[in-house]
Amino acid sequence: WRALWNTVYYSVGSLIPGIIISLLYALVLTAKWFKAAAFSRVVFFIPVVLSYVIAGLLFSWMYHPSIGFLNYILYSLNLPPVKWLGDPRIAMLSVILMVIWKNLGYNITIWCAGLYSIPEEYRDAAKIDGASGWQEFWRIRFPLLRDVFIFLLVLGFLGSFQSFDSIYTLTQGGPMLSTRVIVYYLWQNAFQYYKMGYAAAMAW
């Protein structure tokens, strides 16, 4: 039950903020006044090309309690260091932050494709009718992006419930089982505890 709860926490915590943040970036990248859209999409998509193992090793260095980049920033601001992966209260949040960064470029690409598919005539008609920017987005563009939103939601939910490599690379289920998700627990039962029957039942 603990592993199942951690999986739900991991899924919701990485999926919903990731979709919202990527949508905000996509709105900026598809705006007419933004001139560096192509370059920015390439930069955002670079983490998607990396494997979770490489991303995990990169963030392991950033989260290092003594030589990590994040604690160096805190030290520069005269703030106490943080045990990003050693504190059970924030270890899962640290993993979620890495996952959001890793998947951000893919979500932005899908959102941009959906935004570019909306005819400009709809937006022009809304502006002529006196709609504000928020009304034009919420009543015109977002309903037309419903299929994109559902696609990202379903795909992200399925992917997050199968997460293993990010947990294995960063925390290996610790500290105090605070990041042990269901697939990692399945792997532990099968290949560490050799409880193949229990692992097979979990997989089923």
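Residues numbered from 1 in each chain as written. Predicted model: local features only at pLDDT ≥ 70, side-chain atom pairs only at ≥ 80, totals over all residues. Heavy atoms only, no water.

1. Quick look at the overall build of the chain
No. 1: Helix and strand content of the chain: eleven helices and zero strands.
No. 2: The order of α-helices and β-strands along the chain, N terminus first, is α-α-α-α-α-α-α-α-α-α-α.
No. 3: For the chain, the residues scored as buried account for 37% of the 204 residues in total.
No. 4: In the chain, the proportion of contacts linking residues at least 24 apart, taken out of those at least 6 apart, comes to 67%.
No. 5: Accessible surface computed for the chain: about 12400 Å², of which carbon and sulfur atoms make up 70%. (Helix = DSSP H or I, 4+ residues; strand = E, 2+ residues; numbered from the N terminus. Buried < 20%, exposed > 50% of the residue type's maximum accessible area, 1.4 Å probe, protein only. Contact = heavy atoms within 4.5 Å. Areas by Shrake-Rupley, 256 points an atom, 1.4 Å probe, with all protein chains shown as cover.)

2. Observations regarding a nonpolar patch on the surface
No. 1: A cluster of nonpolar residues, Trp-1, Leu-4, Trp-5, Val-8, Val-12, Ile-16, Ile-20 and Leu-24, forms a patch on the protein surface that exposes about 880 Å² of accessible area.
No. 2: Tracing the sequence through the fold places Ile-20 in helix 1 (residues 2-29).
No. 3: Given a relative accessible area of 47%, Ile-20 falls into the partly exposed group. (Patch = residues over 30% accessible without salt bridge, like charges linked within 9 Å, V, L, I, M, F, W, Y side chains within 5 Å. Salt bridge = Lys/Arg side-chain N within 4 Å of Asp/Glu carboxyl O.)

3. Concerning the packing of helix 1 against helix 5 (residues 91-116)
No. 1: Across the interface, helix 1 lies against helix 5 with an axial gap of 6 Å and an inter-helix angle of 40°. When the interaxial angle is binned, helix 1 and helix 5 end up oblique. Where helix 1 crosses over helix 5, the two elements pack in a sense that is right-handed.
No. 2: When grouped by side-chain class, the residues that make up the contact of helix 1 with helix 5 number 22 nonpolar, six polar and no charged. (Axes fitted to C-alpha atoms, helices over the stretch in contact; angles between N-to-C directions. Parallel < 35°, antiparallel > 145°, perpendicular 65-115°, else oblique. Left-handed = near helix turned anticlockwise from the far one by under 90°. Nonpolar A, V, L, I, M, F, W, Y, C, P; charged D, E, K, R; others polar.)

4. Considerations on the environment of Met-176
No. 1: With respect to the element layout, Met-176 can be found in the loop between helix 9 (165-170) and helix 10 (182-191).
No. 2: Along the sequence, Met-176 and Leu-79 sit 97 residues apart, while their C-alpha atoms lie 26 Å from each other.
No. 3: Discounting chain neighbours no more than four positions away, the residues touching Met-176 are Arg-2 and Pro-88.

5. Here's the deal with the packing of aromatic side chains
No. 1: Taken as a whole and judged by the stated rule, the model has 19 aromatic pairs.
No. 2: Taken together, a centroid distance of 5.5 Å and an interplanar angle of 35° make the contact between Tyr-184 and Trp-187 tilted. With Tyr-184 and Trp-187 both in helix 10 and three residues apart, the pair spans about one turn of that helix.
No. 3: Classification of Trp-187 by relative accessible area gives partly exposed; the value is 21%.
No. 4: For the ring pair Tyr-185 and Tyr-198, a centre distance of 6.3 Å and an interplane angle of 85° mean the geometry is edge-to-face. One end of the pair, Tyr-185, is in helix 10; the other, Tyr-198, is in helix 11 (residues 196-203), with 13 residues separating them in the sequence.
No. 5: For Tyr-198, a relative accessible area of 42% translates into the label partly exposed. (Phe/Tyr/Trp six-rings, centres within 6.5 Å; stacked < 30°, edge-to-face > 60°.)

6. Concerning the side chain of Asn-107
No. 1: Structurally, Asn-107 can be placed in helix 5.
No. 2: By relative accessible area, Asn-107 is classed as buried at 12%.
No. 3: Setting aside its immediate chain neighbours within four residues, Asn-107 contacts Gly-18, Ile-19, Ser-22 and Leu-152.

7. A short note on the packing of helix 10 against helix 11
No. 1: Where helix 10 meets helix 11, the closest approach of the two axes is 7 Å, and the angle between their N-to-C directions is 155°. Of the possible angle classes, the one that applies to helix 10 and helix 11 is roughly antiparallel. Judged by the twist between their axes, the crossing of helix 10 over helix 11 is left-handed. Every residue of helix 11 that contacts helix 10 at Ile-182, Tyr-185, Leu-186, Asn-189, Ala-190 and Phe-191 is listed here: Met-196, Tyr-198, Ala-199, Met-202 and Ala-203.

8. Concerning the pattern of salt bridges
No. 1: Within the structure shown, the criterion is met by four salt bridges.
No. 2: Between Lys-32 and Glu-120 there is a salt bridge, with its nearest N and O atoms 3.9 Å apart. Of the two residues, Lys-32 is situated in the loop between helix 1 and helix 2 (37-49) and Glu-120 in helix 6 (residues 120-128); the sequence distance between them amounts to 88 residues.
No. 3: The partly exposed category is assigned to Glu-120, whose relative accessible area is 34%.
No. 4: For the salt bridge of Arg-141 with Glu-136, the shortest nitrogen-to-oxygen distance reads 3.1 Å.
No. 5: Three or more residues joined by partner-sharing salt bridges are found here, namely Arg-123, Glu-136 and Arg-141.

Everything listed here is a matter of coordinates, which is why it stays silent on function.
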